[in-house]
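Overview (structure and organization)
Here is what each chain is made of, one letter per residue.
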Amino acid sequence: GMGEVWRARHRMLTRDAAIKLIKPDVLGRVSGGGSALIQRRFEQEAKATALLRSPHTIGLYDFGVTESGVFYYVMELLDGIDLETLVRKFGPQPAERVVYILRQVCRSLADAHNHGLIHRDIKPTNIFLCRMGNEYDYAKVLDFGLVKVLESNEPQMTGTNATTGTPAYMAPELAMAAPDIDGRTDLYGLGCVAYWLLTGSMVFEEKGSAAMMLAHLQKVPVPPSQRTELNVPESLDRA
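Report follows, based on the coordinates. Each chain has its residues counted from 1, following the order in which its sequence is written. Selection of residues for local features in this predicted model requires a pLDDT of at least 70, selection of side-chain atom pairs for listing and counting requires 80 or more, and totals for whole chains, interfaces and linings are taken over all residues. Only hydrogens and water are removed before side-chain values are computed, so all heavy atoms of the structure are retained for them.

Pairing is antiparallel in the open sheet, where three strands are placed in the order E5-E7-E8. Only two strands of the sheet have a single neighbouring strand rather than two, namely strand E5 (80-82) and strand E8 (135-141). Pairs of neighbouring strands in the sheet enclose a mean axial angle of 25 degrees, with direction left out of account. A pair of strands is considered paired only if DSSP assigns at least 2 bridges between the two. By the criteria applied, helices consist of DSSP H or I runs no shorter than four residues and strands consist of E runs no shorter than two, each listed in order from the N terminus. Examined bridge by bridge, E5 and strand E7 (residues 127-132) share three bridges and lie antiparallel to one another. If you follow Asp 82 over to E7, its bridge partner there is Phe 128. By the convention used here, residues are in contact when the closest approach between their heavy atoms is within 4.5 Å. Every axis in this analysis is a line fitted to C-alpha atoms, fitted for helices over the stretch in contact. Angles between the N-to-C directions lie between 0 and 180 degrees. Against the sheet, helix H4 (residues 95-114) engages E7 and E8, with an angle of about 45 degrees to E8.

Here it is, written out as structure tokens:
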């Protein structure tokens, strides 16, 4: 929610790219330390992404600050759609395709976790399914803007007892603002994404953020196979 993305072209290479920068109105609503906090969080996103080498994590070309003080970074421009759009346009997906997508996302997350990074906002809109050369259904994980650097000496940027993420895909420990989280938080979110891909529904259908977070804390999900007409293998149901 702190950035906007523009399509751009490199003057020398004539290569298209995507440029993300902080929304001017976001900076305009805060003052003093708040503005510095947003810029530091944005810089953290760029530096964290630059460490990652998985081909299933969006590629970072450059980042910096403009003369007018706007923080930006330049990344690869993807040809495809996010998983939210995929299901809304084409409905629930076959189990085989879902597994193929999930394994690619797991490779991206494994690389991040090995670098001590947790995404903390795994959801369908942050996973892109695209064409790369002659390959289709190539998954890319986007937006490490809410990443937590486990080994960082930086103060906690989200504030005391704050929660980050999206309630429909939020692990219970995030909803409880637990001080110590690890890669399992991302796997929980990915499980919720799998549910969306298989059924076209969220794990819990609650109204309001608070009710949604409580559901993830207290309720037992209905197995995906009971919420779709497509075949879901028992092993995938359990996972």
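The rest of the description comes next.
On to the environment of Pro 223, then. Locating Pro 223 in the fold gives a position in the loop between helix H7 (209-218) and helix H8 (234-238). Residue exposure (1.4 Å probe, protein chains only): buried if accessible area is under 20% of the type maximum, exposed if over 50%, otherwise partly exposed. Looking at Pro 223, the relative accessible area reads 31%, which means it is partly exposed. Sequence separation between Pro 223 and Asp 237 is 14 residues; the distance between their C-alpha atoms is 6.0 Å. When sequence neighbours within four positions are dropped, the list of residues in contact with Pro 223 reads Tyr 195 and Asp 237.

Between its terminal C-alpha atoms helix H6 (residues 184-199) stretches 23 Å, which fits the 22 Å expected from 16 residues at 1.5 Å a residue. Extensive coverage of H6 is indicated by the burial of 12 of its 16 residues. Of the residues making up H6, those classed as buried are Thr 185, Asp 186, Gly 189, Leu 190, Cys 192, Val 193, Ala 194, Tyr 195, Trp 196, Leu 197, Leu 198 and Thr 199. Where H6 ends, the next residue or the one after it, Gly 200, has phi of about 75 degrees, a positive value. A helix's residues, less one, multiplied by 1.5 Å, set its expected span.

Moving on to the packing of aromatic side chains. Two aromatic rings from Phe, Tyr or Trp, using only the six-membered ring of Trp, form a pair when their centres are within 6.5 Å; if the ring planes differ by under 30 degrees the pair is stacked, by over 60 it is edge-to-face, and anything between is tilted. In total, this model carries one aromatic pair according to the counting rule given. We call a charge positioned above a ring when the Lys NZ or Arg CZ atom is no farther than 6 Å from the ring centre and deviates by at most 35 degrees from the ring normal. Stacked on the ring of Tyr 61, the Lys or Arg Arg 15 has its end atom at 4.0 Å from the ring centre.

Moving on, we get to the pairing of E8. Within E8, five of the seven residues are buried, leaving the element largely enclosed by the surrounding structure. Where E7 and E8 come together, five bridges link them in antiparallel fashion. What sits directly across from Leu 129, in E8, is Ala 139. Connecting the antiparallel pair E7 and E8 is a turn made up of two residues, with Gly 133 showing a positive phi of about 65 degrees.

Our focus in this paragraph is a nonpolar patch on the surface. In this analysis, a patch consists of residues with relative accessible area above 30% that form no salt bridge, clustered at 9 Å for like charges and at 5 Å for the nonpolar side chains Val, Leu, Ile, Met, Phe, Trp and Tyr. Computed by Shrake-Rupley with a 1.4 Å probe, the accessible areas treat only the displayed protein chains as cover when residues are assessed. By convention in these notes, a salt bridge is any Lys or Arg side-chain nitrogen within 4 Å of a carboxyl oxygen on Asp or Glu. On the surface, Met 176, Leu 214 and Leu 217 cluster together into a nonpolar patch covering about 280 Å² of accessible area. Checked against the element boundaries, Leu 217 lands in helix H7.

Right, let's talk about the nonpolar core for a bit. By size, the foremost hydrophobic cluster in this structure holds 35 residues, and its most contacted members are Leu 83, Val 105, Leu 190, Val 193 and Leu 197. The leading source of residues in this core is H6, at eight residues. What Val 105 contacts, discounting residues up to four positions off in sequence, is Ile 127, Ala 139, Val 141 and Leu 190. Residues belong to one nonpolar core when they are buried, are Ala, Val, Leu, Ile, Met, Phe, Trp, Tyr or Cys, and are joined through side-chain atoms within 4.5 Å.

Let us now look at the pattern of salt bridges. Evaluation of the coordinates by the stated rule reveals 11 salt bridges. Of the charged contacts, one joins Lys 20 and Asp 143 as a salt bridge, the two residues approaching to 3.5 Å between their closest N and O atoms. On the criterion of sequence distance, the pair formed by Lys 20 in strand E2 (residues 16-22) and Asp 143 in the loop between E8 and strand E9 (148-149) is long-range, its members being 123 residues apart. We note a salt bridge from Glu 234 to Arg 238, for which the minimum N-O separation is 3.4 Å. You can see Glu 234 and its partner Arg 238 sitting in helix H8, four residues apart, about one turn around the helix. Accessibility classification places Glu 234 together with Arg 238 in one group, the exposed group. A single salt-bridge network, built from bridges that share partners, covers Arg 7, Arg 9 and Asp 16.

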